Amino acid sequence: MSEIKCVGILTSGGDSPGMNAAIRAVTRAAIYNGFEVMGIMRGYKGLVTDEIIPFKTQNVSNIIQQGGTILKTARCKEFMTPEGRQQAYDNMQKHGIDALVVIGGDGSLTGARIFASEFNIPIVGLPGTIDNDLYGTDTTIGYDTALNTIMDAVDKIRDTATSHERLFFIEVMGRNAGFLALNGAIATGAEAAIIPEIATEVDQLAELIENGFRKSKNSSIVLVAESELTGGAMGLSERVKKEFPEYDVRVTILGHIQRGGSPSAADRILASRMGEASINALLEGQRNIMVGIQNDELVYVPFTKAIRNDKPINRDLLNTIKILSI
Ligand code: F6P
């Protein structure tokens, strides 16, 4: 029998499309199983500053299709201090919250791991980030929608790139991971993806220029993952201007557009399944784990593993891009 009576739910860090679908699923699955639910506003900040409200099933009506997060989100400095976490714990006690579901990326799950170990609180994490950089899960909530946003944007840029016969460097998000750039490049038929995972092994730009970009075309699209390691789209374009002035180069940084929008069907389904699974995990006595998905099976991944920052990319995809862009 679970000792848990009341579950608090929060979204933290960078928002991602599908967070609302996850909030809905956690809330409804919790209520279905007899738990009370508390919505915590602005991530860990709301725990520290006591912005906590009771959630009924109506609080999550009509949100599955909405981007962003109705709980708001923040990156909270106070929670990084022991005093801040003590305050957060005191507020949990005050509201009778005895377990948490945290939806967020690696920073948010790192905070969850520390908080759980200091105060012996059952916490279940859901991978909510467009970056897809959490270990132990094939995909994260928001990643598919962000990929689709990238695809739509790059398709448009391709029209003007073709008309003007230009080389475009398009920078996508991902913090220090190349998943969006890599799969975005495949989805858009780009000539290359420049990613941080192999940045120290090869000079990706030099290799690209050596190959002569796409020989059969006069315009080129290259997706660049944001990161100091890749140099970013601006850095690469500066290099090309200096080293290869014959190219007419332009840069587009897609930026926060990638974090918005109505979640794709895949993200809504993923968030709904994972949200329900988070409550099942608490009922089974699981704690300090992230719900992941591997080969379409929901799995529990210990926080310590999920937040490792070396989730491997599929290197075969780089070859696929190369072969398909001849
Ligand atoms: O981790 C999610 C993410 O969107 C990254 O891809 C990006 O580097 C970062 O957040 C941007 O953060 P902010 O919202 O603070 O600009």
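Since the structure is predicted, the reported quantities are computational estimates derived from the model, not experimental observations.

Q: What am I meant to see in the overall build of the chain here?
A: When you go through the chain residue by residue, the secondary structure sums to 11 helices and 11 strands. Over its C-alpha atoms the chain spans a radius of gyration of 21 Å, differing by no more than 12% from the 20 Å that the globule rule assigns to 326 residues. Taken along its principal axes, the extent of the C-alpha atoms in the chain is 65 × 35 × 30 Å. Residue burial in the chain is summarised as follows: out of 326 residues, 54% are buried. Residue pairs at least 24 apart in sequence account for 75% of intrachain contacts in the chain once pairs closer than 6 positions are excluded. Carbon and sulfur atoms form 50% of the exposed surface of the chain, whose accessible area is close to 14,400 Å². When the 32 basic and 39 acidic side-chain charges of the chain are each reduced to a single mean position, those positions are 3 Å apart.

Q: Teacher, can you tell me more about the packing of helix α1 (residues 19-32) against helix α9 (residues 265-283) here?
A: Each pair of packed helices can be summarised by the angle the axes make with each other and by the distance between the axes. α9 packs onto α1 with a crossing angle of 35° between their chain directions and a minimal axis gap of 7 Å. As for how α1 packs across α9, the hand of that crossing is right-handed. Mapping the contact onto sequence places A21, A22, A25, V26, A29 and A30 in α1 and R268, A271, S272, G275, E276, S278 and I279 in α9. Classifying every residue of the contact of α1 with α9 gives 8 nonpolar, 3 polar and 2 charged.

Rules used throughout
Along each chain, residues carry numbers from 1 onward, in the same order as the chain's sequence is written. Reporting of local features is limited, given that this is a predicted model, to residues whose pLDDT is at least 70; pairs of side-chain atoms are given and counted only at 80 or more, and all residues count toward the totals for whole chains, interfaces and linings. As a rule here, side-chain values cover all heavy atoms of the structure and leave hydrogens and water aside. In this description a helix means any DSSP run of H or I spanning at least four residues, a strand means any run of E spanning at least two, and both kinds are numbered starting from the N terminus. Every radius of gyration here is taken over C-alpha atoms, with the globule rule written as 2.2 Å times N^0.38, N being the number of residues. A simple rule labels every residue: compare its accessible area, found with a 1.4 Å probe on the protein chains alone, to the largest value its type can have, and call it buried under 20%, exposed over 50%, or partly exposed in between. Contacts: residue pairs with any heavy atoms within 4.5 Å of one another. Each accessible area is a Shrake-Rupley estimate made with a 1.4 Å probe; only the visible protein chains count as cover when residues are assessed. Note that His is not counted, nor are the chain ends; the positive residues are Lys and Arg, and the negative ones are Asp and Glu. Taken as the charge centre is NZ of Lys, CZ of Arg, CG of Asp or CD of Glu, depending on the residue. Every axis in this analysis is a line fitted to C-alpha atoms, fitted for helices over the stretch in contact. Angles between the N-to-C directions lie between 0 and 180 degrees. Left-handed describes a crossing in which the near helix is turned anticlockwise from the far one by less than a right angle; the clockwise case is right-handed. Throughout this entry, Asp, Glu, Lys and Arg are counted as charged residues, while Ala, Val, Leu, Ile, Met, Phe, Trp, Tyr, Cys and Pro are counted as nonpolar. The remaining residues, Gly among them, count as polar.

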